[in-house]
Amino acid sequence: MKNIMVTGGAGFIGSAFVRYMVKQYPQYNVIVYDKLTYAGNLDNLLPVHDEPNYRFERGDIADRETVKRVFDSHQIDTVVNFAAESHVDRSILSPDAFIHTDVVGVYILLDESKQHGLERFLHVSTDEVYGDVDEGFSVEADPFAPNSPYAASKAGGELMVRAYHVTHGLNAVITRGSNTFGPYHYPEKLIPFFVTEALDNRPLPVYGDGMQVRDWLYVDDHARGVDVVLHKGVAGEAYNVAGENLRHNMDITKQILSLLGKGDSLIKYVPDRPGHDRRYAMNCDKLRALGWEREKPFEARLEETVKWYVDNEWWWRKIKTGEYLDYYKRQYAARLAAAE
Ligand code: NAD
Ligand code: DAU
């Protein structure tokens, strides 16, 4: 491994991975390949901008010619694929981009990786491929049961990774992460959305009864999990990267309000997300066996995260304009009007 292409490296988790890898492995060249969609943001990469082993190339993973050019010009030997459309609510409103990137884009990357004889391919997937988990904890051998267009597109992309390993012998590994949180998280997702809305004393739209369960994982722990699988994972295998921190959405909401010194009156119960999975929960013994552990408890990380948004308005205020406001209106105007 010398020249690693990190696709989607200008997004939330991809940029955390890049910031970590550039410092941790000065002997590797880290080349970010990113389309810079609404969720891609070069501000996320400012901390590594001047590092000699970091480069940025703008491109779409579904654009074969540009992928080929970047593979050749940087002599890429390894791909870590974070690039995706990642927001469930947007996949319900407009699924096209999800098929383009999360299915077709993954196929193009795999096919070019095969043709270029790449040494290693890591694909970043999600616990949502397992679908709703009423009780217990998903293990890697469990069947897929995706329920949203986002989850179905991620499952499709992941199955193509498996096929390229089995059929063509591509040296590929997969990670399945749980709900991730931390700095530089696009403020459409629950935690950064609610923190930044609460700071402006705006309503927090809780879907349904707010008793859905998610498993929260700190972004730097997720990034290190991907690194461990990249270096130690067995080709053809998938690894769960879990927070092992199961929380109801309502508990998270109340914790955020309390950390900000705001009252519960900002909470608005709004009509539920269609097809909303009630609970995700994963077992991550397989990753732990490779030597991975989370660094700090959830409460400490949530506090640090809330403080980061308080201290970094420069980062999120400019995002919450333009296209963001159009999306906000499409997603929330009618829901908030119908709020209890
Ligand atoms: P994000 O939406 O913050 O970032 C996605 C990045 O991919 C952006 O920089 C965007 O510009 C880029 N991108 C999108 N389409 C592209 C294309 N066609 N070509 C090149 N670049 C493109 O996403 P995230 O939350 O950082 O998630 C990263 C990955 O981790 C995704 O694959 C997601 O499915 C997975 N994941 C996310 C979570 C989570 O909680 N956020 C949990 C588990 C797995
Ligand atoms: O589980 C991993 C997945 O986690 C990733 O694969 C996805 O990329 C990532 O977006 C995330 O998906 P979720 O749908 O779980 O995340 P989101 O932040 O959108 O929502 C978290 C929970 O909060 C979910 O139960 C829906 C609820 N919610 C969310 C929003 C944005 C609300 O109640 N109100 C809201 O306004």
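As a reminder, the structure under discussion sits directly above these lines.
Predicted model only: the values in this text are computed from it and were never measured. (Residues numbered from 1 in each chain as written. Chains lettered and ligands numbered in written order. Predicted model: local features only at pLDDT ≥ 70, side-chain atom pairs only at ≥ 80, totals over all residues. Heavy atoms only, no water.)

1. What to know about the overall build of the protein
Where we set the bar: Counting from the N terminus, the helices are the DSSP runs of H or I reaching at least four residues and the strands are the DSSP runs of E reaching at least two. Atoms considered for the radius of gyration are the C-alpha atoms alone. The globule rule reads 2.2 Å times the number of residues to the power 0.38. Partly exposed residues are those whose accessible area sits between 20% and 50% of the maximum for their type, while under 20% is buried and over 50% is exposed, using a 1.4 Å probe and protein chains only. Residue contacts are defined here by distance: any two heavy atoms, one from each residue, within 4.5 Å place the two residues in contact.
Within the protein one finds twelve helices and 13 strands. By the compact-globule yardstick of 20 Å for 340 residues, the protein fits well, its C-alpha radius of gyration being 19 Å. For the C-alpha atoms alone, the extent of the protein along its principal axes is close to 55 × 45 × 40 Å. Across the 340 residues in the protein, those meeting the buried criterion constitute 57%. In the protein, of all internal contacts separated by at least 6 residues, the share reaching a separation of at least 24 is 83%.

2. Observations regarding the site of ligand 1
Inclusion rule: We call a residue near a molecule or strand when any one of its heavy atoms sits within 4 Å of it. The definition of a polar contact used here is a pair of N or O atoms within 3.5 Å, where within protein one atom must be able to donate a hydrogen and the other to accept one, and adjacent residues in sequence count solely through side-chain atom pairs. Put simply, Ala, Val, Leu, Ile, Met, Phe, Trp, Tyr, Cys and Pro go in the nonpolar bin, Asp, Glu, Lys and Arg in the charged bin, and everything else, Gly too, in the polar bin.
Contacts to ligand 1 come from 29 residues, most closely from Ile13, Asp34, Ser86, Tyr150 and Lys154. Backbone polar atom of isoleucine 13 to an oxygen atom of ligand 1: 2.8 Å apart, as the coordinates give it. Between ligand 1 and lysine 35, the relevant distance is 3.1 Å, taken from a nitrogen atom to a main-chain nitrogen or oxygen of the residue. Only helix 1 (12-24), strand 5 (120-126) and helix 5 (149-168) provide two or more residues apiece to the shell around ligand 1. Among the elements that make up the shell around ligand 1, the one with the highest residue count is strand 5 (three residues). Of the residues belonging to the shell around ligand 1, the class tally is eleven nonpolar, 14 polar and four charged.

3. Observations concerning the site of ligand 2
The following threshold applies: Each accessible area is a Shrake-Rupley result for a 1.4 Å probe, and residues are judged covered by the shown protein chains and nothing else.
Taken together, 24 residues lie around ligand 2, and Thr126, Asp127, Tyr150, Asn179 and Arg273 are the ones closest in. Residue aspartate 127 places a side-chain N or O atom 2.5 Å away from an oxygen atom belonging to ligand 2. Interatomic distance of 2.8 Å between a side-chain N/O atom of asparagine 249 and an oxygen atom of ligand 2. For ligand 2, the protein covers 94% of the area, taking 690 Å² as the surface of the free molecule. Those elements giving two or more residues to the shell around ligand 2 turn out to be helix 6 (190-199) and strand 8 (204-207). Looking at the shell around ligand 2 residue by residue, the classes come out as ten nonpolar, eight polar and six charged.

4. Points about helix 6
Of all ten residues making up helix 6, eight are buried, and the element is well covered by its neighbours. Every buried residue of helix 6 is listed here: Ile191, Pro192, Phe193, Phe194, Val195, Thr196, Glu197 and Ala198. Check the buried side of helix 6 and you find it contacts strand 7 (180-181), strand 8, helix 8 (249-259), helix 10 (298-311), helix 11 (313-317) and helix 12 (323-337). Residue asparagine 201 follows helix 6 closely and has a positive phi angle near 55 degrees.

5. Describing the packing of aromatic side chains
The description of an aromatic ring pair uses the distance of the two centres, along with the angle that the planes make with each other. Note the following rule: Between rings of Phe, Tyr and Trp, where Trp is taken as its six-membered ring, a pair exists when centres lie within 6.5 Å; planes separated by under 30 degrees are stacked, by over 60 edge-to-face, and by other angles tilted. Charges are assigned to positions over rings by a cutoff of 6 Å between ring centre and Lys NZ or Arg CZ, combined with an angular limit of 35 degrees from the ring normal.
Under the defined criterion, the tally for this structure stands at 18 aromatic pairs. A centroid spacing of 6.2 Å and a plane angle of 65 degrees characterise the contact between phenylalanine 193 and tyrosine 328, whose relative ring orientation is edge-to-face. Taken together, the residues phenylalanine 193 in helix 6 and tyrosine 328 in helix 12 connect sequence positions 135 residues apart. Seen in terms of ring centroids, tyrosine 309 and tryptophan 315 are 6.4 Å apart; in terms of plane orientation they differ by 70 degrees. Their pairing is edge-to-face. Tyrosine 309 sits in the buried class, given a relative accessible area of 0%. Given a relative accessible area of 1%, tryptophan 315 falls into the buried group. When the ring centre of phenylalanine 137 is taken as origin, the NZ or CZ atom of arginine 279, which lies over that ring, is 5.7 Å away. Above the face of the tyrosine 239 ring, lysine 286 is positioned so that its terminal group lies 4.8 Å from the ring centre.

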